[in-house]
Amino acid sequence: MKSTIVLSIFLALSLCSCMGRQEHQGENQYHGDSLKYEAAYGEAIPGHTTFPEAEKQGFFDRFNTTSPKTHTFRDARTGLVVQTSDYPSDWKVISKPLYTFDQKLPNFLVQVEGPNNLKHFNTPFKFYFTFSNPQMNQYVSSPMNQMLRPIVGNQQIHQEEVAPRMQRSGFTYVGTKAMPREEAYARKILKDKGTGQEQLEIVNTEWKSETGQRALATIVKVALQQPISQQDYVMVWFYGVAYTFVDGRHFEQTLDDLYASATSTKFNPQWEQYVTQLAQQRQREQARKSAMDHQNRMNARWASFNAHQQKMKGIWAAQDANHASFMNRNFGPGSDIGQKQFVNMINEQETVYNPLTGKNYQVNAGSTEYWMDSEGNYIQNNDLFYTPNGDINLNNREWVKVQKAF
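This one's a predicted model, so the numbers in the text were calculated from it and none came from an experiment. (Residues numbered from 1 in each chain as written. Predicted model: local features only at pLDDT ≥ 70, side-chain atom pairs only at ≥ 80, totals over all residues. Heavy atoms only, no water.)

> Explain the overall build of the protein chain to me, please; I cannot follow it from the model alone.
Each helix and strand counted, the protein chain has 9 helices and 16 strands in total. Looking at the protein chain residue by residue over its 406 residues, the buried ones come to 43%. Residue pairs in contact within the protein chain that sit at least 24 positions apart in sequence constitute 57% of those at least 6 positions apart. Total accessible area on the protein chain stands at roughly 22,500 Å², and carbon and sulfur atoms take up 51% of it. (Helix = DSSP H or I, 4+ residues; strand = E, 2+ residues; numbered from the N terminus. Buried < 20%, exposed > 50% of the residue type's maximum accessible area, 1.4 Å probe, protein only. Contact = heavy atoms within 4.5 Å. Areas by Shrake-Rupley, 256 points an atom, 1.4 Å probe, with all protein chains shown as cover.)

So this is what it looks like as structure tokens:
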């Protein structure tokens, strides 16, 4: 997974925290939605009427009741500015970088306090994964068990986490809110900053209290499927929740201001360059590690091959000594070739001559041809088009085709 997803989802979370402005029937709501769309995108909602400049200016005056101030989100590791967002000047904004997902790339917790008992904050992301192969889930080590969880819907997260929290705080559930324009913006941010393979799910719920406050809770969940073999994959998913509380009559304006803050976010080009360089460095390190792992496996196989050959040399030497003793006792020194061939037939062996060493060697019988190096290691082969000298798995030794000695 690309680690920049975390940053883009922070934007989506900040943006979607302002979702929840109830869609009402009527002319006033129609005008408000159209004007806000024009304010954000410079054009009317498709199918809607463009409004006169004077009416637009009236909307801007209501929208910008206070002068904005810029808040800087900074990476604690490098000191680089990650991004900036504009907030109303009478809001107190605090942000804190977290490195639970990536030790070099933060996502941010944000806390906002302002007039009209405004409180806005987001929760840390919770990360999980699950394998498509159930057997792989069983082999996950115990420290990772707490992160092993099948993906669940946002409605279940709402029931397990959001609803109990809101009810304990004295709020009553009003309903869910579909905000297609804001969600489209969040998807655009994720598309620009992610891999293009992520699945995004957003759910907004509105709440009210007996004291006259209104609240919004927004769940943002992202899932990404990564292949680990031709048949299996791992699903990585994470979610966070944003909460907004404010006096009821200021609810709509507060959500507008949060939306404006989200759309004002600007990423620092130096930070984006740092992220790109970090990704490239990690790719090089992964490639180097893969190459070293491959070489270590090849060295282990070669060591095993050499050990086997040395063991066989000892066995053959003992057999040759016993055979020579037998031949000397029964046939005398210098037994003829026919006798040697007879013994080879009994032992299912052949005698070959190695031009690299000028010596004869005993090999297991039954192959079309034999290749041997200067140490007496040999390869049996029945493929007439095969040559071991081009095989990198054989440690680049020189191999020569040997001939039968008699």
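> How should the sheet that holds strand 2 (residues 81–88) be read in this particular structure?
Two strands in a sheet stick together by hydrogen bonds in their backbones, pointing the same way (parallel) or opposite ways (antiparallel). The 3 strands are arranged 1-2-11 in an open sheet whose pairing can be described as antiparallel. Two strands lie at the open edges of the sheet, namely strand 1 (68–74) and strand 11 (266–267), each paired on one side alone. (Pairing = 2+ DSSP bridges.)

> Looking at this model, I keep getting lost on the confidence of the model for the protein chain. Mind explaining?
As a general rule, the predicted coordinates of low-pLDDT regions are not to be interpreted in detail. Averaged over the protein chain, the pLDDT score is 76; the fraction of residues at 70 or greater is 75%. Below a pLDDT of 50 lies the segment residues 1–65, which in the model reaches 155 contacts outside its immediate sequence neighbourhood of four places, other chains included. (pLDDT = per-residue confidence, 0-100.)

> Would you take a moment to explain the environment of glutamine 199 for this structure?
Tracing the sequence through the fold places glutamine 199 in strand 8 (residues 199–209). Given a relative accessible area of 47%, glutamine 199 falls into the partly exposed group. Placed 26 residues apart in sequence, glutamine 199 and glutamine 225 show a C-alpha to C-alpha distance of 8.9 Å. In this view, glutamine 199 contacts Lys221, Val222 and Ala223; residues no more than four positions away in its chain are not counted.

> Before we go on, may I ask you to explain the sheet that holds strand 15 (residues 378–381) in this structure?
The 5 strands lie next to each other as 13-12-16-14-15, forming an open sheet whose pairing is antiparallel. Edge strands, defined here as strands with exactly one partner in the open sheet, are strand 13 (359–364) and strand 15. In this sheet, adjacent strand axes meet at a mean angle of 40 degrees when their direction is disregarded. Here strand 14 (residues 369–372) runs beside strand 15; their pairing, made up of 4 bridges, is antiparallel. Within strand 15, the residue paired with methionine 372 across the bridge is tyrosine 378. (Axes fitted to C-alpha atoms, helices over the stretch in contact; angles between N-to-C directions.)

> Any chance you could explain the packing of aromatic side chains here in plain terms?
How two aromatic rings sit relative to each other is given by the distance of their centres and the angle of their planes. For the structure shown, the criterion picks out 15 aromatic pairs. Measuring from ring centre to ring centre gives 5.6 Å for phenylalanine 125 and phenylalanine 238, while their planes differ by 90 degrees; the resulting arrangement is edge-to-face. Of this pair, phenylalanine 125 sits in the loop between strand 5 (118–122) and strand 6 (126–131) while phenylalanine 238 sits in strand 10 (residues 233–247), placing them 113 residues apart in sequence. Residue phenylalanine 125 is classed as buried on the basis of its relative accessible area, which comes to 7%. (Phe/Tyr/Trp six-rings, centres within 6.5 Å; stacked < 30°, edge-to-face > 60°.)

> What am I meant to see in the nonpolar core here?
Looking at soluble globular proteins, one finds that nonpolar side chains tend to be buried together. The biggest cluster of nonpolar side chains holds 19 residues, and the ones touching the most others in it are Tyr87, Trp91 and Val112. Counting residues per element, the ones that place at least two in this core are strand 2, strand 4 (107–114), helix 7 (251–263) and helix 8 (269–331). In terms of residues, this core owes the most to one element, helix 8, which gives 4 residues. Other than its neighbours up to four places away in sequence, tyrosine 87 contacts Ser67, Pro68, Lys69, His71, Phe73, Val93, Val110, Val112 and Ser261. Listed in part, the 18 residues of the second largest apolar core include Ala163, Met166, Ile219 and Phe245. (Core = buried A, V, L, I, M, F, W, Y, C linked by side-chain atoms within 4.5 Å.)

> Mind showing me how you'd approach helix 6 (residues 180–193) here?
Owing to its 3.6 residues per turn, the α-helix brings residues three or four apart onto one side. With 14 residues, helix 6 should reach 20 Å at 1.5 Å per residue; the first-to-last C-alpha distance of 20 Å fits that figure. All buried positions along helix 6 are accounted for by Arg181, Glu182, Tyr185, Ala186, Ile189 and Leu190. (Expected span 1.5 Å × (residues − 1).)

> In this structure, what is going on with the side chain of lysine 221? I would like to understand it.
In this structure, lysine 221 sits in strand 9 (residues 213–227). Of the polar contacts made by the side chain of lysine 221, one reaches the side chain of glutamate 201; its length is 2.7 Å. Not counting the four nearest positions on each side in its chain, lysine 221 is found in contact with Ile151, Val152, Gly153, Asn154, Ile157, Gln199, Leu200, Glu201, Trp237, Phe238 and Tyr239. (Polar contact = N/O pair within 3.5 Å; in protein donor to acceptor, adjacent residues only side chain to side chain.)

> Just to check I follow, could you spell out the environment of tyrosine 386 for this structure?
Looking at the element boundaries, tyrosine 386 is found in the loop between strand 15 and strand 16 (400–404). Owing to a relative accessible area of 25%, tyrosine 386 belongs among the partly exposed residues under this scheme. Excluding anything up to four places from it in sequence, tyrosine 386 contacts Glu369, Trp371, Asn381, Asp391 and Leu394.

> Hey, could you run me through the side chain of arginine 149 in this one?
Assignment of secondary structure puts arginine 149 in the loop between helix 4 (134–138) and helix 5 (154–168). Contacts of arginine 149, omitting those with residues within four sequence positions, involve Tyr128, Phe129, Thr130, Gln156, Glu160 and Trp237.

> Whenever I open this one, the pattern of salt bridges confuses me. Can you help?
Proximity of charged atoms lets side chains of opposite charge pair with each other. By the definition in use, this model includes 9 salt bridges. Salt-bridge contacts for glutamate 160 lead to arginine 149; the nearest nitrogen and oxygen are separated by 3.0 Å. Residue glutamate 160 is located in helix 5, and its partner arginine 149 is located in the loop between helix 4 and helix 5; the two are separated by 11 residues in the primary sequence. Exposure remark for arginine 149: the relative accessible area of 18% places this residue in the buried category. Connected through shared salt-bridge partners, Glu206, Arg214 and Glu252 make up one network. (Salt bridge = Lys/Arg side-chain N within 4 Å of Asp/Glu carboxyl O.)

> Can you help me understand the pairing of strand 1 in this one?
Consecutive side chains along a regular strand alternate between the two faces of the sheet. Alignment of strand 1 against strand 2, held across 7 bridges, turns out to be antiparallel. Within strand 2, the position partnered with phenylalanine 73 by the bridge is glutamine 83.

> What should I look at first to understand helix 5 in this one?
An ideal rise of 1.5 Å per residue puts 21 Å on 15 residues; helix 5 measures up with 20 Å between its terminal C-alpha atoms. The largest bend in helix 5 comes to about 40 degrees, at valine 162, with the proline proline 164 one to four residues further on. For helix 5, the complete set of buried residues consists of Asn154, Ile157, His158, Glu161, Val162, Ala163 and Met166. Where the residues of helix 5 are buried, they touch strand 6, strand 7 (171–176), strand 8, strand 9 and strand 10. Two residues or fewer past helix 5, glycine 170 is found with a positive phi of approximately 90 degrees. (Bend = angle between axes of the 7 residues up to and from the residue.)

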